[in-house]
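Architecture at a glance
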Amino acid sequence: MGSTEPYFKRFIFILIDGGPYEVFKALIENGDLPNIKKHVVDRGSLNKAISTFTSTTGPAFIPFFMGLYPGTANVPGLRWLSKSNFQLPNRFKRPGICSYMGFEGLHFATDLPEGFPTLFDFFSPVSNIYNPITRGCPPTKNLTRWIKPLVYTYGHFSYRWRFVNQIAERHLHRAAEAGDQFIMCLFPAVDAFSHHFSMQASEVMRTYREIDAAIGKLVYILQKANTLEETLIMITSDHGMTDTHTHIDIPRHLDDGGWRCLHYPKIWRQDAVSASMVSGNGMTHLYFKNSSAENGWGERTPFEKLYQMGVISSLIELEGLGLVAGQSETGDIIVQSRTGQGKISYDSQDTDHGTSQNVANSIKCRDSLRFSYEFTGTDPLGYGVHYKTLSSRETLRETYDSPYPDGIVQLWQIFNAERTGDLVLSAESGYDLRARYEIPEHHATHGALIAEHMHIPLATNYPIAAQCIRSVDVFPTVLSLCGHNVAGHPIDGRVVK
């Protein structure tokens, strides 16, 4: 795949699951991560980047590895329902309904759109550690393919996530010693311990320090092999976090309102007319069965229809629910809060994602796409400004440090997916959208569109001066720094310098 003169010959990608930007930055400044500071940040930079909506493990990996939004890839959440495929008598035959938790997580890589490369396709040899995106990675180099389900289950029920991280560390160091050109290593324990305890729990802080020690040993290995200068090292996270004090029971609320709700694990409920598919617990997709549909649940229900049904007014009464978003009959995105309503409009485009070619054509149209945003009452996204005909990059810059960073583009992209709900809900800080069947109980949340969940650290040993970076920009930027030309590949991200 064509190349130019590379800056770096190797790339090592470290992903700390659930590491918020503000926490990571404070640890760097307080001297708690001396190896990362000395060998990565001081040699390069630490940037505040923007994750993607939904800010959840799995979908939030797609931008890094493919340069695509989850909406573009039609994988809009950790759980989803395809209204056009969810029907009797084979209502649970894929791709009707999905949860990537547990066994169905094995389907994650196969659900990605065909015809688009991943980072693994540009390097050889490669190693993959715990990462669910395996396309392009030879099975023998997917180092944790057999052990991951076992150790994740063990860590979940025993709380021994340090052991799970230690396995990742050993594989990371062995792959570095073997000289692999691209190594992807996911450390899951920060996210797991935060869910189990809290973001600032002693187990979480200890895990950060252990990861830092692992980076120190990694650098020693590279120095010993005289390959440190030619190795690009990047440390980031897929999403941020907030501690949780209140759980909102969305399915029960829908049941009480007369919209019998199907949800995990109760996916066999009979006569259900709605469905809640939660991701990270900070967001959920809501689907409503169309009474006029002859087969299945029909097409996406417009926001106006759901408003007439009383669904919108019922939901916004809930304390802790930050916003409700849906698509209008005109194609605009409507954002509703308790005190105001916003409207995201954009230039017309082809949104048919039935084939890879359609996806590619849609992406090519996006350079000329222009976004507008207006609101009545109190701005539900907190911008306080009416925007007219902004480019994607301009909307990013305008909203970067707002309560809902990049919210205009992020809501637009998620509604590009056929599997996205009729409504998308995002919780406020301190709340989540799942009150039952989360064992053990979660004490920290992610997945929402709020800044605390969307802001992620991006530490590299090469300085990146750009002030506004999306996670979807990592894919083309890394490939450019490693000498690969990505101009011929339709993607959502852009090279940042």
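Definitions and limits used
- Residues numbered from 1 in each chain as written.
- Predicted model: local features only at pLDDT ≥ 70, side-chain atom pairs only at ≥ 80, totals over all residues.
- Heavy atoms only, no water.
- Salt bridge = Lys/Arg side-chain N within 4 Å of Asp/Glu carboxyl O.
- Helix = DSSP H or I, 4+ residues; strand = E, 2+ residues; numbered from the N terminus.
- Buried < 20%, exposed > 50% of the residue type's maximum accessible area, 1.4 Å probe, protein only.
- Pairing = 2+ DSSP bridges.
- Phe/Tyr/Trp six-rings, centres within 6.5 Å; stacked < 30°, edge-to-face > 60°.

1. Focus: the pattern of salt bridges
The full count for this structure, using the stated rule, is 18 salt bridges. For aspartate 180, the salt bridge identified is with lysine 141, shortest N-O distance 3.0 Å. Of this pair, aspartate 180 sits in the loop between helix H6 (161-178) and strand S6 (182-187) while lysine 141 sits in the loop between strand S5 (126-129) and helix H5 (148-158), placing them 39 residues apart in sequence. Judged by its relative accessible area of 3%, aspartate 180 falls in the buried class. The class of lysine 141 is partly exposed, set by a relative accessible area of 22%.

2. A few points about the sheet that holds strand S2 (residues 45-50)
Spatially, 7 strands are ordered S5-S6-S1-S7-S21-S2-S22 in an open sheet, and the strand pairing comes out mixed. Single-partner strands in this sheet number two, and they are S5 and strand S22 (469-470). Here 6 bridges tie S2 to strand S21 (residues 455-460), and the two strands are oriented antiparallel to one another. Looking at the pairing, alanine 49 lines up with isoleucine 456 of S21.

3. Considerations on the packing of aromatic side chains
Under the criterion given, the structure shown has 27 aromatic pairs. Plain terms: the ring middles of phenylalanine 13 and phenylalanine 64 are 5.5 Å apart, the flat faces sit at 70 degrees to each other, and that makes the pair edge-to-face. On the criterion of sequence distance, the pair formed by phenylalanine 13 in strand S1 (residues 10-16) and phenylalanine 64 in helix H3 (residues 62-66) is long-range, its members being 51 residues apart. Like phenylalanine 64, phenylalanine 13 is buried.

Bear in mind that shape data such as this cannot, by itself, settle questions of function.
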